[in-house]
Amino acid sequence: TRPDLIYPVGLISQFMARPTEGHLHCAQCILRYTGGTKDRGMLYRTGIAEQLVGYIDADWAGIISARRSTSGFVFSLGSVTIT
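Computed from a prediction, not measured in an experiment: that's the story for all the values here. (Residues numbered from 1 in each chain as written. Predicted model: local features only at pLDDT ≥ 70, side-chain atom pairs only at ≥ 80, totals over all residues. Heavy atoms only, no water.)

Asker: Tell me about the packing of aromatic side chains, and please be specific about residues and values.
Answerer: Geometrically, a pair of aromatic rings is defined through the distance of the ring centres and the angle of the planes. Summed over all chains, the structure comprises one aromatic pair. Consider the rings of Phe73 and Phe75, whose centres lie 6.0 Å apart with planes at 55°: the pair is tilted. Taking relative accessible area as the criterion, Phe73 reaches 47% and is therefore assigned partly exposed. (Phe/Tyr/Trp six-rings, centres within 6.5 Å; stacked < 30°, edge-to-face > 60°. Buried < 20%, exposed > 50% of the residue type's maximum accessible area, 1.4 Å probe, protein only.)

Listed below in structure tokens is the structure:
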């Protein structure tokens, strides 16, 4: 999982039915970013009691022009975001 990519990938995926050149450029930037951050990772230690915390939010029909709803979530284990 790549928590740092959840928002940009989710946002650009809303335009998959009619992508433009600008959307292609954004997708290329996302791919370039992933190629440059392959060495990043998350570290989980054993023997430490970590608390699992989750947050969820929804915006019902918040995109007025398309009458679409968006939602999102984040879960953390200790100080590390896992999804």
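Asker: Outline the layout of surface pockets, supporting the account with residue identities and numerical values.
Answerer: Estimated volume of the largest pocket: approximately 400 Å³. Lining of the largest pocket is provided by 14 residues; of these, Ile6, Tyr7, Thr70, Ser71 and Gly72 occupy positions nearest its centre. Contributing elements (two or more residues each) for the lining of the largest pocket: α1 (6–13), β1 (52–63) and β2 (68–77). Of the residues forming the lining of the largest pocket, the biggest block, five residues, is contributed by β2. Together, Gln14, Phe15, Ala17, Arg18, Ile63, Ser65, Ala66 and Arg68 line the second largest pocket. Its residues assigned to classes, the lining of the second largest pocket comprises four nonpolar, two polar and two charged. (1 Å grid on protein atoms, 1.4 Å probe; cavity = no way out; pocket = protein on both sides within 12 Å on 5 of 7 lines; lining within 4 Å. Points joined across faces, edges and corners; volume = space filled by probe spheres on them. Helix = DSSP H or I, 4+ residues; strand = E, 2+ residues; numbered from the N terminus. Nonpolar A, V, L, I, M, F, W, Y, C, P; charged D, E, K, R; others polar.)

Asker: Can you break down the side chain of His23 residue by residue, with the values?
Answerer: Here His23 lies in helix α2 (residues 21–36). Among the polar contacts listed, one links the side chain of His23 to the backbone nitrogen of Thr20, at a separation of 2.9 Å. His23 has contacts with Ile12, Phe15 and Arg18, leaving out every residue within four places of it along the chain. (Polar contact = N/O pair within 3.5 Å; in protein donor to acceptor, adjacent residues only side chain to side chain. Contact = heavy atoms within 4.5 Å.)

Asker: Please set out the pairing of β2 residue by residue, giving values where relevant.
Answerer: Along any regular strand the residues' side chains alternate between the sheet's two faces. Pairing between β1 and β2: nine bridges, direction antiparallel. Residue pairing for β2: Ile63 is matched across the bridge by Arg68. Note: β2 against strand β3 (residues 80–81), two bridges, orientation antiparallel. Directly across from Leu77, in β3, lies its bridge partner Val80. (Pairing = 2+ DSSP bridges.)

Asker: Lay out a nonpolar patch on the surface in plain terms, naming residues and giving numbers.
Answerer: A contiguous nonpolar patch, built from Tyr7, Leu11 and Phe15 and spanning about 320 Å² of accessible area, is present on the exposed surface. Structurally, Phe15 is set in the loop between α1 and α2. Of the residues examined, Phe15 reaches a relative accessible area of 35% and is grouped as partly exposed. (Patch = residues over 30% accessible without salt bridge, like charges linked within 9 Å, V, L, I, M, F, W, Y side chains within 5 Å. Areas by Shrake-Rupley, 256 points an atom, 1.4 Å probe, with all protein chains shown as cover. Salt bridge = Lys/Arg side-chain N within 4 Å of Asp/Glu carboxyl O.)

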